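A closer look at the structure
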Amino acid sequence: MTEIRTDWTRDEIAALFALPFTDLLFQAASVHRENHAAGEVQLCTLLSIKTGGCPEDCGYCSQSVHADSGVKATKLMDVRAVLQSAAQAKDNGSQRFCMGAAWRNPKDRDMPAIVEIVKGVRAMGLETCMTLGMLTPKQADMLGEAGLDYYNHNIDSSPEYYERVISTRTMDERLETLDHVRGAGINVCSGGIVGMGETREDRVGFIHTLATLERHPESVPVNALVPVKGTVLGDMLADTPMAKIDDIEFVRTVAAARITMPLSMVRLSAGRESMSEATQALCFTAGANSIFTGDKLLTAANAGDDADAAMLQRLGLKAMVAQEPMRACKAMEAAE
Ligand code: SF4
């Protein structure tokens, strides 16, 4: 078993990024094989249970009230409708059902419905994940008691670049929510976005922040920015050479995540739709072992179930079968 370290330095991570590409890929693939079934990919489905109208100003997000993206604000979905979508995701082979609400934070009056949703989805045998914005310790405890398996709260980028993308909440506030989630015994899902115009040093800082948390997130989503017209970043980067992250640099980021956080599930998230299968295959080789399936990722287009099934078949990869939800956490405890 690979040594689990939380004392990575930025220089060490920068040195990983700077390795000859094939050496980096070999190292990441070796760590992946030591800790995971390398031929298996976890399939997750993401549903927006409350879309748009978010008061936060994340520069990449079409759901922010500060964006002129045409996304219409909706109310929290009816519990029954969410459960129907979850059942469909299960039929399509998903192992984890992730639900996102475009909130700065949930209001206490929303919590009973959220708790009912968590219990209902979990009763279907699916892993549950929610992303609802910042949480108080009490709200985190309510979700933990309902049996929520994972809570997603991304750190987005390096601490330095973060401030250029979001002004309405700080990186420290995000880390505080992650602490509340840990305190409630819920697995942590936290990652970020590359291709927002940041430098490699920022990508190093992003991985460094996650890899030096007291305990690594059990899930690390790595997104490639999907530039949406009307968002600050979408408008800033449109038609510039920076509009799309270089594929090799994206794979390097995935590999660095895999090497520094050996037990985590590393998830290819947004941006996969515009990635070639060859790039995705390199990401799987570099240790990515989880994807979002379905036609939509919150408000952005995604590859779609059929395209993914065909790709996995072509690559000889299998969908991961459902495991005991708290497995990652226990594995990490065992490694400590
Ligand atoms: S990323 Fe989340 S918090 Fe930020 S604006 Fe979008 S919905 Fe709101």
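Residues numbered from 1 in each chain as written. Predicted model: local features only at pLDDT ≥ 70, side-chain atom pairs only at ≥ 80, totals over all residues. Heavy atoms only, no water.

1. Concerning the nonpolar core
Put simply, the test is: Buried residues of nine kinds, namely Ala, Val, Leu, Ile, Met, Phe, Trp, Tyr and Cys, make up a nonpolar core once their side-chain atoms join them within 4.5 Å. Relative accessibility thresholds used throughout: buried, under 20% of the residue-type maximum; exposed, over 50%; partly exposed, between the two (1.4 Å probe, protein chains only). Here, residues are in contact when the closest pair of their heavy atoms is within 4.5 Å.
Ranked by internal contacts, the top residues of the largest apolar core, which has 84 residues, are Met 130, Leu 143 and Phe 250. For Met 130, the residues in contact, after removing those within four places along its chain, are Ile 49, Met 99, Ile 114, Ile 117, Val 118, Leu 148, Tyr 150, Tyr 151 and Asn 152. Within the second largest apolar cluster, six residues are counted, among which are Cys 44, Cys 98, Cys 129 and Tyr 150.

2. Re the packing of aromatic side chains
Condition: Any two rings among Phe, Tyr and Trp, with Trp reduced to its six-membered ring, count as a pair given centres within 6.5 Å; such a pair is stacked if its planes are under 30 degrees apart, edge-to-face if over 60, and tilted if neither. Only when the NZ atom of a Lys or the CZ atom of an Arg is both within 6 Å of the ring centre and within 35 degrees of the ring normal do we say a charge sits over the ring.
Here the structure, examined in full by the defined rule, presents zero aromatic pairs. The ring centre of Tyr 150 lies 3.6 Å from the NZ or CZ of Arg 96, which sits over that ring.

3. Description of the environment of Asp 172
So the rule is basically this: Helix and strand definitions here come from DSSP, where helices need a minimum of 4 consecutive H or I residues and strands a minimum of 2 consecutive E residues; each element is numbered from the N-terminal end.
Looking at the secondary structure, you find Asp 172 in helix α7 (residues 171-183). Along the primary structure Asp 172 and Ile 155 are separated by 17 residues, whereas in three dimensions their C-alpha atoms are 9.3 Å apart.

4. Re helix α1 (residues 10-17)
Quick reminder of the rule: Working definition: the arc comes from the directions between the helix axis and the C-beta atoms, pointing outward to the latter.
Regarding α1, the residues found buried are Ile 13, Leu 16 and Phe 17. Burial along α1 is one-sided: seen end-on, the buried residues are contained in an arc of 100 degrees. Tucked inside the fold, the buried residues of α1 contact α2 (21-35), α8 (200-211) and α10 (247-260).

5. Points about the packing of α1 against α8
Convention followed: To obtain an axis, a line is fitted to C-alpha atoms, over the contacting stretch when the element is a helix, and the angle between two such axes runs from 0 to 180 degrees between their N-to-C directions. For classification purposes, angles smaller than 35 degrees are called roughly parallel, those larger than 145 roughly antiparallel, those between 65 and 115 roughly perpendicular, and all remaining angles oblique. Left-handed is the label given to a crossing in which the near helix is rotated counterclockwise from the far helix by less than a right angle, and right-handed is the label when the rotation is clockwise. Note on residue classes: Ala, Val, Leu, Ile, Met, Phe, Trp, Tyr, Cys and Pro are nonpolar, Asp, Glu, Lys and Arg are charged, and everything else, Gly too, is polar.
Interhelical geometry of α1 versus α8 gives an angle of 120 degrees and a closest axis separation of 9 Å. Here α1 is positioned oblique relative to α8, judged by the angle of their axes. Taken as a pair, α1 and α8 cross one another with a handedness that is right-handed. Within the contact between the two elements, α1 uses Arg 10, Ile 13, Ala 14 and Phe 17 and α8 uses Arg 200, Glu 201, Arg 203, Val 204, Gly 205, Ile 207 and His 208. For the contact of α1 with α8, a count of residues per class yields five nonpolar, two polar and four charged.

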